[in-house]
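Okay, here's what each chain looks like letter by letter:
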Amino acid sequence: MAAVPLLFGLLALFVQSDGRPYGLLEGNPQDWKDPGYLQIVWAESPNFGPRPADAVIDTIVLHHTANTTLGGVVRWFATTESQVSSHYTIGKDGSIAQHVSTFDRAWHAGKSVDKFGRENLNNFTVGIEMVNKGDGEDKWTDEQVEAVRLLILSLKRRFPLKYITTHEYIAVPKGRKNDPKNFPWEKLYGTGLEIIR
Ligand SMILES: [Zn+2]
């Protein structure tokens, strides 16, 4: 656990550039409280492993959670039973939970291939979940999309990111996933990332 404050400090540098304090989730995830817009909280998941040594992290994968609360996602990812995680989950109000270090391999994409034929996207991507029911009607809030946008801009300083894609576009077999459903791409302006599908 000694690495956690260090990683968190790094994150603070990247994300909390305005100097606002960040919080740590202490103890049981049942105690979860949404930290608020652009506030980032470490909410560890045991569901991760090492990336391949030669991984070049150049792609973001977006997801919807099919869940209504950030706390619910935090609790689910904190269980070994779920066998899933992401690097980040963004709440409706722009709260940010980080579950896995971006230097590690989170388990968000499952069986996957991108349009370049690259398989197993967990190896070389950063996974961002966004709280949304995924029924096609649940609204994407401006705060949430803006938090994703700013997070991506901060991640670009750390990794040679070039592409952004979605679980829908990479899931194998095609049609296995549909997330993030009805995502408002026009609000994710200025990242400089190419959308690949
Ligand atoms: Zn997904």
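Structural data are supplied above this passage.
Residues numbered from 1 in each chain as written. Predicted model: local features only at pLDDT ≥ 70, side-chain atom pairs only at ≥ 80, totals over all residues.

**As for the overall build of the chain**
Note the threshold: Secondary structure follows DSSP: runs of H or I at least 4 residues long count as helices, runs of E at least 2 residues long count as strands, and numbering of each begins at the N terminus. Burial is judged by counting other C-beta atoms within 10 Å of a residue's own C-beta: 20 or more means buried, 12 or fewer means exposed, and anything between counts as partly exposed, with every C-beta placed from the backbone. It is the C-beta atoms, placed from the backbone, that decide contacts: two residues are in contact if theirs lie within 7 Å.
In terms of helices and strands, the chain carries 4 helices and 10 strands. Starting at the N terminus, the α and β elements of the chain follow one another as α-β-β-β-β-α-β-β-β-β-α-β-α-β. Expressed as a percentage of its 197 residues, the buried residues of the chain come to 38%. At a minimum sequence separation of 6, the contacts of the chain that also span at least 24 residues come to 73%.

**What about the pairing of strand β9 (residues 163-166)?**
The criterion, for reference: The pairing criterion is simple: DSSP has to find at least two bridges between the two strands.
Here 4 bridges tie strand β4 (residues 59-64) to β9, and the two strands are oriented parallel to one another. By the bridge assignment for β9, leucine 62 is matched with threonine 166. In the sheet, β9 pairs with strand β10 (residues 194-195) via 2 bridges, with the strands oriented parallel. Among the inter-strand pairings, tyrosine 163 is bridged to a residue of β10, identified as glutamate 194.

**A short note on the environment of glycine 117**
Residue position: glycine 117 is located in the loop between β7 (104-106) and β8 (125-130). Placed 53 residues apart in sequence, glycine 117 and isoleucine 170 show a C-alpha to C-alpha distance of 9.8 Å.

**A short note on the pairing of β4**
The element β4 is extensively covered by neighbouring structure, given that 6 of its 6 residues are classed as buried. Alternating positions in β4 separate into two faces, Thr59, Val61 and His63 on one and Ile60, Leu62 and His64 on the other, with burial throughout. As paired strands, β4 and β8 are joined by 6 bridges and run parallel to one another. In the strand pairing of β8, leucine 62 is matched with isoleucine 128.

**Here we look at the nonpolar core**
Note on soluble globular proteins: their nonpolar side chains tend to be buried together. How we decide: Here, a nonpolar core means buried Ala, Val, Leu, Ile, Met, Phe, Trp, Tyr and Cys residues linked by C-beta atoms lying within 7 Å of one another.
Judged by nonpolar contacts, the single largest core of 33 residues is most densely connected at Ile60, Ile90, Ile96, Ile128, Val148 and Leu151. Elements with a contribution of two residues or more to this core: β2 (40-42), β4, α2 (70-77), β5 (88-90), β6 (96-98), β8 and α3 (142-155). When residues of this core are assigned to their parent elements, the largest contribution, 6 residues, is made by α3. Residues in contact with isoleucine 60, not counting those within four places in the same chain, are Thr125, Val126, Ile128, Ile152, Leu161, Ile164 and Leu193.

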